[in-house]
Amino acid sequence: MSERFDCDHCKESLYGRKYIQSDDNPYCIPCYDSLFANTCDECKELIGHDSRELFYEDRHYHEHCFRCFRCDRSLADEPFTSQDEALLCNDCYCNEFSSKCVACDKIVMPGTRKLEYGGSTWHEGCFICHSCEQPIGSKSFIPDKDEHYCVPCYENKFAPRCTRCKQVLSKGGVTYRDEPWHKECFVCTGCKVQLAGQHFTSREDSPYCIKCFGNLYAKKCEACSKPITGFGGGKYISFEERQWHQPCFTCSRCSVSLVGAGFFPEQDEILCRDCNGKL
């Protein structure tokens, strides 16, 4: 008498029948499918052992059930995307959810390199400088109305240039007589010290620091021989083509201040009333 060879589940003989071995136990085909086959997420039917099974995010599908939610196209061998658990082919996903490039009006495919700015989208190769027409890519750019420029083209086209060195002012700078200057280019005509942030004056449109202007052009005090510039609120006295700083305007003999008082010129001296009376 031959040894029994039965299905491990239903105990029916497997002699002359197809069977499947699982964990060293034999099963007839119906029992194997009922015990081990997965259920299709789309049609809710079992996926038999002889069916091609597709698996995506813990969900199982018959091959013929794995289709685009919109156009019903098979996704078995096609790229696809999941949107709110619905499966979509690339074409349907792009038509419904992808942005269009504002330059070429074509869809920006998922996974492709793109640039977004101001609510608009471009293919990487379509985002180009309005002037040189070269792709900007990840480099810095400057928008001007509806146009975009790479930094070199924008500076060449729009940026102000320094009155002295003629190079572009990319940031900061000084305005003098309605003309732009680099801070480091705006210097005293005499000593070349930078004038940005300090008091200065000019002569024949040339800027000077206070010290150089005083040494070169200011009148000298009759008493101390230092320049009389009038800057910083300094007051001075003028008499017969001679000038004095207000604190220097004193009697040549007794040094009393003559500001607001009567005085008497005596050759190169100026005298107060008392000293003049002693002559």
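All values reported here derive from a predicted model rather than from experimental measurement.

A. Spatial organisation of the overall build of the protein. For the protein, the count of helices and strands is five helices and 20 strands. Computed over the C-alpha atoms, the radius of gyration of the protein is 47 Å, more than 25% above the 19 Å expected from 2.2 N^0.38 for a compact globule of 279 residues. The principal-axis extents of the C-alpha atoms in the protein amount to approximately 165 × 40 × 25 Å. Classification of the 279 residues of the protein by burial places 30% in the buried group. Here the analysis covers contacts within the protein between residues at least 6 apart in sequence; of these, 10% occur between residues at least 24 apart.

B. Representation of the packing of aromatic side chains within the structure. For the coordinates displayed, the defined rule picks out 23 aromatic pairs. Members of the aromatic cluster, connected to one another through ring pairs, are Y56, Y61, F66 and F80.

C. Here's a closer look at the layout of surface pockets. In this model, the largest pocket occupies a volume close to 220 Å³. Residue lining of the largest pocket: 14 residues in total, with E42, C65, R67, F69 and L87 positioned closest to the centre. Broken down by secondary-structure element, the contributors of at least two residues to the lining of the largest pocket are β4 (59–62) and β6 (86–89). Tallied by class, the residues present in the lining of the largest pocket amount to seven nonpolar, one polar and six charged.

D. Local environment of the nonpolar core. Residues Y61, F66, C68, L75 and L87 are the most contacted members of the largest nonpolar core, which totals 15 residues. Every element with two or more residues in this core is listed here: β3 (53–56), β6 and α2 (90–97). The element best represented in this core is β6, accounting for three residues. Setting aside chain neighbours within four positions, we find L75 in contact with F66, R67, C68, F80, L87, L88 and C89. Listed in part, the 13 residues of the second largest apolar core include V174, Y176, W181 and C188.

E. Highlighting helix α1 (residues 29–36). For α1, every residue scored as buried is listed here: I29, C31 and D33. Contact partners of the buried residues in α1: β1 (19–22) and β2 (25–28).

F. Looking closely at α2. All of the buried residues along α2 are N90, C92, Y93 and C94. Packed against the buried residues of α2 are β5 (80–83) and β6.

G. Highlighting the environment of W181. Its place among the elements puts W181 in strand β12 (residues 179–181). The exposure class of W181 is buried, given its relative accessible area of 13%. In this structure, the C-alpha to C-alpha distance between W181 and V168, residues 13 residues apart in sequence, is 9.5 Å. For W181, the residues in contact, after removing those within four places along its chain, are C162, T163, R164, L169, G173, V174, Y176 and F186. In this structure the side chain of W181 is engaged in a polar contact, spanning 3.4 Å, whose partner is the backbone oxygen of E179.

H. Molecular detail of the pairing of β3. What you see with β3 is a clean split: L54 and Y56 sit on the buried side and E53 and F55 on the side with no burial. Once β3 ends, the chain turns through two residues before running back antiparallel as β4, passing E57 with a positive phi of about 50 degrees.

I. Layout of the pairing of strand β9 (residues 141–144). Across four bridges, the pairing between β9 and strand β10 (residues 147–150) is antiparallel. Counterpart to P143 in the pairing with β10 is H148. Remark: two residues form the turn of the hairpin made by β9 and β10, two consecutive strands paired antiparallel; K145 in that turn has positive phi of roughly 60 degrees.

J. Spotlight on unusual backbone geometry. With a phi close to 70 degrees, K11 is a non-glycine residue in the positive phi region. Structurally, K11 is set in the segment before β1. If you check the backbone angles, E204 has positive phi at about 50 degrees while not being a glycine. In this structure, E204 sits in the loop between β13 (200–203) and β14 (206–209).

K. View of the side chain of H182. The residue H182 is located in the loop between β12 and β13 in this model. When its relative accessible area of 14% is taken as the criterion, H182 is described as buried. If we skip the residues at most four places from it in the chain, H182 touches C162, C165, Q167, V168 and L169.

L. Structural context of the pattern of salt bridges. Evaluated as defined, the whole model comprises twelve salt bridges. Measuring nitrogen to oxygen at the nearest pair gives 3.3 Å for the salt bridge that ties R17 to E12. Look at E12 and you get partly exposed, because its relative accessible area is 46%. With a closest N to O distance of 2.8 Å, E63 and R52 form a salt bridge. Note that E63 is positioned in the loop between β4 and β5 and R52 in the loop between α1 and β3, a separation of eleven residues in sequence. Each member of the salt-bridge network shares a partner with another, and the members are R52, E63 and D77.

The rules behind each value
Residues numbered from 1 in each chain as written. Predicted model: local features only at pLDDT ≥ 70, side-chain atom pairs only at ≥ 80, totals over all residues. Heavy atoms only, no water. Helix = DSSP H or I, 4+ residues; strand = E, 2+ residues; numbered from the N terminus. Rg over C-alpha atoms; globule rule 2.2 N^0.38 Å. Buried < 20%, exposed > 50% of the residue type's maximum accessible area, 1.4 Å probe, protein only. Contact = heavy atoms within 4.5 Å. Phe/Tyr/Trp six-rings, centres within 6.5 Å; stacked < 30°, edge-to-face > 60°. 1 Å grid on protein atoms, 1.4 Å probe; cavity = no way out; pocket = protein on both sides within 12 Å on 5 of 7 lines; lining within 4 Å. Points joined across faces, edges and corners; volume = space filled by probe spheres on them. Nonpolar A, V, L, I, M, F, W, Y, C, P; charged D, E, K, R; others polar. Core = buried A, V, L, I, M, F, W, Y, C linked by side-chain atoms within 4.5 Å. Polar contact = N/O pair within 3.5 Å; in protein donor to acceptor, adjacent residues only side chain to side chain. Pairing = 2+ DSSP bridges. Salt bridge = Lys/Arg side-chain N within 4 Å of Asp/Glu carboxyl O.

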